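The residues making up each chain are set out below.
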Amino acid sequence: MITLREITQDNLDDVLALRVGDDQTAYVSTTAHALAQAYVSPKTAFPFAVCADETIVGFLMLGYYEARNQYTVWKFLIDQRYQGRGYGKAALKLGIDFLQERFGVKEIFLGVSAGNEAAKRLYRSAGFRPTGAIDGTMEEMRLEC
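Description of the structure in this document.

### Focus on the sheet that holds strand β4 (residues 70-78)
- Read across the open sheet, the 7 strands follow the order β1-β2-β3-β4-β5-β7-β6; overall the sheet is mixed. Every other strand in the sheet has two partners, leaving β1 (2-5) and β6 (129-135) as the edge strands with one partner each. Ignoring strand direction, the axes of neighbouring strands in this sheet form an average angle of 30°.
- Where helix α3 (residues 87-103) meets the sheet, it contacts β1, β2 (45-52), β3 (55-65), β4, β5 (107-113) and β7 (138-144), and its direction lies at approximately 155° from that of β4.

In structure tokens:
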């Protein structure tokens, strides 16, 4: 069973220990970096530990981008040891549900790095579609809820 849980002192070390494969490090920042961003943006960043039963298997940070009035999937990773088991798709759905239930969102945005085909497949399977906007090496995708 996949759940999203608040990050606390009790699970912080496990969240900080999450790692992606060497071939993915160019596409995703560390959880430490993401949590630092959440710390300085407490009203607009919503970080969660992704848990499979009691094991922390990933990290998801949702956010609100004030400048564009958009809700986003800001950071997302599943630890390399737990990839390929469907945890990412389940966690992404829970994140979408969170934004819909808490904020009544009608659309959700994200940016995916050029070349990160595995992430693009995951996001497409959840209903995200490219908007055509590209910022540097990031391709914008949008989900209409």
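### Digging into the nonpolar core
- Core analysis: the biggest nonpolar cluster contains 28 residues, and Leu62, Val73, Phe76, Ile108, Tyr123 and Phe128 have the highest contact counts within it.
- Taken together, the elements giving at least two residues each to this core come down to β2, β3, β4, α3, β5, α4 (117-125) and β7.
- Examining the composition of this core, we find that 6 residues originate from one element, α3, more than from any other.
- Core analysis: the second largest hydrophobic core is formed by 14 residues, Val20, Ala45, Ala49 and Phe59 among them.

### Things to note about helix α2 (residues 31-40)
- By the burial criterion, the buried members of α2 are Thr31, Ala34, Leu35 and Ala38. Down the axis, α2 shows its buried residues gathered within 95° of arc, on one side only. Facing away from the buried side of α2 by over 90 degrees, the exposed positions are Tyr39 and Val40.
- Packed against the buried residues of α2 are α1 (12-16), β2, β3 and β4.

Parameters at a glance
- Residues numbered from 1 in each chain as written.
- Predicted model: local features only at pLDDT ≥ 70, side-chain atom pairs only at ≥ 80, totals over all residues.
- Heavy atoms only, no water.
- Pairing = 2+ DSSP bridges.
- Helix = DSSP H or I, 4+ residues; strand = E, 2+ residues; numbered from the N terminus.
- Axes fitted to C-alpha atoms, helices over the stretch in contact; angles between N-to-C directions.
- Contact = heavy atoms within 4.5 Å.
- Core = buried A, V, L, I, M, F, W, Y, C linked by side-chain atoms within 4.5 Å.
- Buried < 20%, exposed > 50% of the residue type's maximum accessible area, 1.4 Å probe, protein only.
- Arc of directions from axis to C-beta.

Interpretation note: all reported values are geometric properties and have no functional meaning in isolation.
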